[in-house]
Structure formats: structure tokens, C-alpha cells
Amino acid sequence: MAPISLADLISALPEGDGWGPPPVTDTTLNGVPYAPFSKGDKLGRMADWTADSKDSRDGRGGRQQYNRNFRDQQIYGAGSAALFTAPVAEDENTFSVVSREPTKTRYGRGAVFTRGRGQRGARQDTRGGRAQPQRPGRGGQQGYGYDSRGGRSNAPRGRRFGWKDYDKPTRNRDASINIKSDWHLLEEIDFNRLAKLNLDADEGEDIDSYGFLYYYDRSFDKQPVKTAERRLIPLDRAAYNVTTSSDPVIQDLADKDEATIFATDSILSMLMCSTRSVYPWDIVIVKQGNKIFLDKRDSAALDMVTVNENAADAPLESSDGNKDGINQPGALAEEATYINHNFANQVVLENASNKVEMDHENPFYNASEETEPPASKAYKYRRFDLSTSEEDPMYLIVRTELDAVQKNTINGEDQFLTVKALNEFDNKAQGSGGALDWRTKLVSQRGAVVATEMKNNSVKLARWTVQSILSKADVMKLGFVSRANPKTNDKHIILGVIGWKPKDFANQMNLSLSNGWGIVRTIADMCLKREDGKFVLVKDPNKSILRLYEVPAGSFDEDAEEDDIPETVAEED
């Protein structure tokens, strides 16, 4: 091939002054090429060295921080940056495997996870992709965290509420009364239906009053001195808990047709607060003509003061593995009943010349037969209107009780009191319900102590509040009594007394009296439409159900047990 001269190569070049394709008018301005931009673009830095780098070591450098601070200042021409970007090849970093197996997250050693407030001191640092081990110490002791219910937990590790609850043994409580084969089941009502009932009643009116009241000792309201503890002193005083049909005053009122329903405050409060109850109980209902008497059996379950009945982990029976005999439900109820009886007698100033006499003497006390002096107690018989229409009037008479009287500090008038006592057995034992230590927390964290008691003893406090409202008491005094030694239940110490207005306390507990009156009226209507006879209202021992039985006459006079039906059923979650 003949060589090509340089002149031929130059002559073969295209005409023009530059390299590449010829310029077009779309990308030139007066012959100068330029990059299109938006009018919204802001003129910023001449060069951008803050773009995210793929080779960045951790993606958290100071340049990224600078980007966050100046993210509104875009670079000149940045709006058209996509025009000049080359198509990106497939990046292996975006490749993922599809698997049906659940992804397991790997946590570092010592990581503790709790629901709710969590453990104090369990700091979890995921900055480096690994959880820091939890070290025991003042700020993060593993043995003393807070559980999900807000109470102190001595478990070695945090425990989620409800974790492995399916593995816990079911509690089988025994019924409060043996259901015999000749009893006829009339109604079965669950608590959800009872909670929807509603009936507005009046404030009630006094019919008659009996007994007398001593004045309350206000020194118990003061904070006790640590060096001088007040011990609970057992006092022998004559106290009575007579059932409705055995009350001579109620019998006279029934003969005069003063009302349709008759009851005592203890029985009526149990029925009105039945939706809060957990333990079994029973009420005997007697229908005579057009009258209903709400009675109780001798040594009935509702006479006892329960302890931590509503706690999430209530005290266990011996059959459920509780080896501590004094902390079983039966022993705790006897202890609480004993404390309430003696506490009410101890906090009054017994002075024969300084007491408030009611209209009549105590109807149950007989000086010739009793060897003990009568306790400070007033019985008020009050009537409430439960009518739903003027054409169908229905009245209820209840025997209410008052425990003491005090002078109003402002106007000097007498105020009637009901006196009750809450007791602490062992805040570290099973069944304590996450209660705080009363000796150290009652003064500094009184609200937390009371809130815990409202949670663990909801039905007990609700019954006491209802009884105070029924008796029209001005103040309800609650004493806080603890064991002198958590391992023994025969010596107790009074830590303090707090007073509330009953209606204010009911509002704090979300207690509805109209719901209670609705329950009473519903049960009464069920019995009134039946023939004269005897009925038993039974709380199922392990379910939130009330059952109404019709029993033959003389059922409680015999203790025949050969035809008993077992009432124990596995508790359903």
C-alpha cells in the first residue's frame, strides 16, 4: 500500500475548529456549552467534597454531619445531576436470600429484655452492633430490678409479664359451700353481664339507730416515732355479726312492711362488689311473701377479711406448693380479721362519760350474760329506694355499722367514722403482689403504697368503701398494720392511719354504686318471681360466674355429704 502523505490526512479531516460531534443549539448558549439547571437551585459551594462515599469507613463522619447542617444549600447545577450519571451495574450488596425461616437476632451476652419499665441499670448499647454485658453494681444490680408490674423483683434476671404462664400449675379452689344433688340451678350469670347493670338510687334515709360510739384517738394520725413503735394490743370487747333474719330490729321492720329487701352492710357490699371478687363465697336468700332477706351462713366466707385476693400472683394454698403455713390464704384471712377487730377497739378513747349515745341501746348486748364490755359500735338502719317506676315501688333496708366519732376541726361538729385496717405480712414472700416495704415507704411514698393496695385488695377496699357510703360515714379511717417479725403472725405494729372521704375514695377506685344497685335489683327480681322458699347465690371458685340455686327447706340443717357435687373446676385463663 502506498504511503499516505501528511497533507492527505489533513485534507481528510472534517471542517471545523474542534474535536467531536458538531455542537447543537440545545446545549449551547452563544456557542458556549452549559449544563441545564433549575431556577430553584441555590448557588452554593464551588466544589462538593461532602458527598456520601462508598469507601466511607462507618458512614458517620463529620462530612455527613456537615451535610445535615447544610442540606438546604444545594450545589449549582445539582438539579440536573441525574442527566450525567452513568447506569449503575448490579450491586452485590443489594442481593438477599429469600427464606421462610424466621430471622434470629443475635444479642450479646448479658442482654436483659423486659416489657414495660424494664430493669433499672440494664443499659443496652447497640452502637457497635453488640449489646454491652450488664455488670452488677449500684446502678444495675441484676438481683434487684423492677418487674413489669412496677414492683421490686428479686429474680436473677428480668422477666416479662406473662412469660411461661402457660407452664404454671392451675389453681383449683374449693367452693365455699357444697352443692347438693337436690339443688336446682335457676340462673348462671357471668361478671361481664353484671358489670353492664345500672340503677340510680337515692342517698338513703335513717330509720333508727342503736348503740354508742367512743371518740377517735387522733394521736394515731401522727407519724409514729421510730424509737417508740405502737404495738397492736388485743382487747376483749363484745362485738356482734348477726345475720339479717336473726336481727330483731329487722324483723320488726319487716312486720311493718317498711321495705321489700332486707340485708346487712357486710352481705350487701359483697353482692354490690361481686364483679371484683376472686375467692368463692355464697349468700343465702330467703323469700317470704313479697319480702327478700339476704342472709349468710354461720362462719361464712364473706365474714373473713381476705388478703391480696386480687393480686396477679395471689397467695398459694398448701396444695399448690406453699410450704409457709402462716402465708396461706386461710391463715392470712384469720390474721386480717383478728387485726381489724382489735385495731378498731384500740384507736378509740374509752371514756364512759365522753361518748355519743344513739337513740337506742345495742340490741344484741345483754349485760347479764356478757362478761366483756361492749365495743364502740353504732348500728344505723337505713332505707334506700330501688324503684324503677312509681307503679312498682321497691325499698331496701340495710343495717349499717359505724366504729367511732371525732370532732370536726373547723366547726366542731361530730363526724362519724368507719375504722378498717390493711395488713402487711411479708413484702418478699410469695403472694405479696409487689408491695413496697411499709416501714420505709409509707411516709415517703404513701400514694404508691395505697395504689398497690388498691390493685391487690380491690374487692376488700371496695366493700369497705361501700359499707362506709351506706352508713353515711363522714370519714373512712384506714390503718396500716405490719407484722413485728415477718416470720410470725402473732405480734403486730401500727405504722400509721390515713383518712379519706368515702366518695372520694370510691372515685379513686373507679367504684360505681349504681352498678352495685343494679346487681342487687336484678338478683332480687329473679327471686321475687319465684315461689316462697330458700335460694343460694354462689360464686364459682375458679370462674367469674354467679350461680343461683333453689334449695329445699332444711338444706342447711343437715350436713349430709354423700350426694355432694364437686364444685372444683380448673381455673381458666
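Residues numbered from 1 in each chain as written. Predicted model: local features only at pLDDT ≥ 70, side-chain atom pairs only at ≥ 80, totals over all residues. Heavy atoms only, no water.

Caption draft 1: Structural view of the overall build of the protein. Within the protein, the secondary structure is distributed over eleven helices and 22 strands. Of the contacts made within the protein by residues no fewer than 6 positions apart, 73% connect residues no fewer than 24 positions apart. Summed over all atoms, the accessible surface of the protein reaches about 34,300 Å², with 48% contributed by carbon and sulfur. (Helix = DSSP H or I, 4+ residues; strand = E, 2+ residues; numbered from the N terminus. Contact = heavy atoms within 4.5 Å. Areas by Shrake-Rupley, 256 points an atom, 1.4 Å probe, with all protein chains shown as cover.)

Caption draft 2: Region of the structure containing helix H6 (residues 329–346). The end-to-end C-alpha separation of H6 is 25 Å, in line with the 26 Å expected for 18 residues at 1.5 Å each. By the burial criterion, the buried members of H6 are Pro329, Leu332, Ala333, Glu335, Ala336, Ile339, Asn340, Asn342, Phe343, Ala344, Asn345 and Gln346. Taken together, the buried residues of H6 touch strand S8 (230–231), strand S12 (348–349), strand S17 (414–424), helix H9 (458–470), strand S18 (475–483) and strand S19 (492–500). (Expected span 1.5 Å × (residues − 1). Buried < 20%, exposed > 50% of the residue type's maximum accessible area, 1.4 Å probe, protein only.)

Caption draft 3: Quick look at the pattern of salt bridges. On inspection of all chains with the given rule, the structure shows 21 salt bridges. Glu188 is the partner of Arg547 in a salt bridge, and the nearest nitrogen-oxygen pair spans 2.8 Å. Within this pair, whereas Arg547 is found in strand S21 (residues 545–551), its partner Glu188 is found in strand S6 (residues 184–190), the two being separated by 359 residues in sequence. On the basis of relative accessibility, which here comes to 12%, the residue Arg547 falls in the buried class. Across the pair Glu350 and Arg237 runs a salt bridge whose closest N-O atoms are separated by 2.8 Å. Of this pair, Glu350 sits in the loop between S12 and strand S13 (355–357) while Arg237 is found in the loop between S8 and helix H4 (248–255), placing the two residues 113 residues apart along the sequence. Of the residues examined, Glu350 reaches a relative accessible area of 40% and is grouped as partly exposed. Overlapping salt bridges, with partners in common, bring together Glu188, Asp540 and Arg547 in one network. (Salt bridge = Lys/Arg side-chain N within 4 Å of Asp/Glu carboxyl O.)

Caption draft 4: Here's a closer look at the packing of aromatic side chains. By the definition in use, this model includes nine aromatic pairs. Ring centres of Trp500 and Phe505 lie 5.0 Å apart, and the angle between their planes is 50°; on these two criteria the pair is classed as tilted. For Trp500, a relative accessible area of 14% puts it in the buried group. Taken together through their ring pairs, the aromatic side chains of Tyr240, Phe364 and Tyr379 make up a single cluster. A cation sits over an aromatic face here: Arg230 above Phe220, 4.1 Å from the ring centre. Lys380 extends its terminal NZ or CZ atom over the ring of Phe416, reaching a point 4.5 Å from the ring centre. (Phe/Tyr/Trp six-rings, centres within 6.5 Å; stacked < 30°, edge-to-face > 60°. Lys NZ or Arg CZ within 6 Å of the ring centre and 35° of its normal.)

Caption draft 5: Region of the structure containing unusual backbone geometry. The phi torsion at Asp257 lies on the positive side, around 55°, for a residue other than glycine. For Asp257, a relative accessible area of 54% puts it in the exposed group. Here Lys472, not a glycine, exhibits a phi torsion of approximately 60°, which is positive. Mapped onto the secondary structure, Lys472 falls in the loop between H9 and S18.

Caption draft 6: Fine view of the side chain of Ser514. Inspection of the secondary structure assignment puts Ser514 in helix H11 (residues 513–528). Under the relative-accessibility criterion, Ser514 is labelled buried at 18%. Side-chain polar atoms of Ser514 contact the side chain of Asn198, separated by 2.7 Å. (Polar contact = N/O pair within 3.5 Å; in protein donor to acceptor, adjacent residues only side chain to side chain.)

Caption draft 7: Structural detail: H11. Helix length check: H11, at 16 residues, gives a terminal C-alpha distance of 22 Å against a target of 22 Å (1.5 Å per residue), a fit within 8%. Across the 16 residues of H11, twelve count as buried, placing the element largely inside the fold. Taken together, the buried positions of H11 are occupied by Ser514, Asn515, Gly516, Trp517, Gly518, Ile519, Val520, Arg521, Ile523, Ala524, Met526 and Cys527.

Caption draft 8: Quick peek at a nonpolar patch on the surface. On the surface, a cluster of nonpolar side chains totalling about 540 Å² of accessible area is made up of Ile4, Leu6, Leu9, Ile10 and Leu13. Tracing the backbone through its elements, the reader meets Ile4 in the segment before helix H1 (6–12). (Patch = residues over 30% accessible without salt bridge, like charges linked within 9 Å, V, L, I, M, F, W, Y side chains within 5 Å.)

Caption draft 9: Spatial organisation of the packing of helix H5 (residues 265–272) against H9. At a closest axis distance of 9 Å, the pairing of H5 and H9 adopts a crossing angle of 125°. The orientation of H5 relative to H9 falls into the category oblique. The hand of the H5/H9 crossing is right-handed. Along its contact with H5, which presents Asp265, Ser266, Leu268, Ser269, Met270 and Met272, the element H9 presents Val459, Arg463, Val466, Gln467 and Leu470. For the contact of H5 with H9, a count of residues per class yields six nonpolar, three polar and two charged. (Axes fitted to C-alpha atoms, helices over the stretch in contact; angles between N-to-C directions. Parallel < 35°, antiparallel > 145°, perpendicular 65-115°, else oblique. Left-handed = near helix turned anticlockwise from the far one by under 90°. Nonpolar A, V, L, I, M, F, W, Y, C, P; charged D, E, K, R; others polar.)

Caption draft 10: Representation of the pairing of strand S9 (residues 261–264) within the structure. Here S9 shows two buried faces, one formed by Ile261 and Ala263 and the other by Phe262 and Thr264. One ladder, built from four bridges, connects S9 with strand S15 (residues 395–402); its direction is parallel. Note that in S15 the partner of Ala263 across the bridge is Val398. (Pairing = 2+ DSSP bridges.)

Caption draft 11: Focus on the side chain of Thr418. Within the secondary structure layout, Thr418 lies in strand S17. The exposure class of Thr418 is buried, given its relative accessible area of 3%. When near neighbours in sequence (up to four residues on either side) are disregarded, Thr418 contacts Glu401, Leu402, Asp403, Ser468, Ser471, Ala473, Val475, Met476 and Lys477.

Caption draft 12: Spotlight on the environment of Arg230. Structurally, Arg230 can be placed in strand S8. With a relative accessible area of 30%, Arg230 lands in the partly exposed category. A C-alpha to C-alpha distance of 5.4 Å links Arg230 and Ile494, two positions 264 residues apart in sequence. Look past the residues within four positions of Arg230 in its chain and what remains in contact with it is Ser219, Phe220, His492, Ile493 and Ile494. Within polar-contact distance, the side chain of Arg230 engages the side chain of Ser219 at 3.1 Å.

Caption draft 13: The arrangement of the confidence of the model for the protein in detail. For the protein, per-residue confidence averages 77 on the pLDDT scale, and residues scoring 70 or more make up 69% of the total. Below a pLDDT of 50 lies the segment residues 103–164, which in the model reaches 70 contacts outside its immediate sequence neighbourhood of four places, other chains included. Predicted confidence for residues 559–573 stays below pLDDT 50, and this span has 33 contacts to residues more than four positions away or in other chains. (pLDDT = per-residue confidence, 0-100.)

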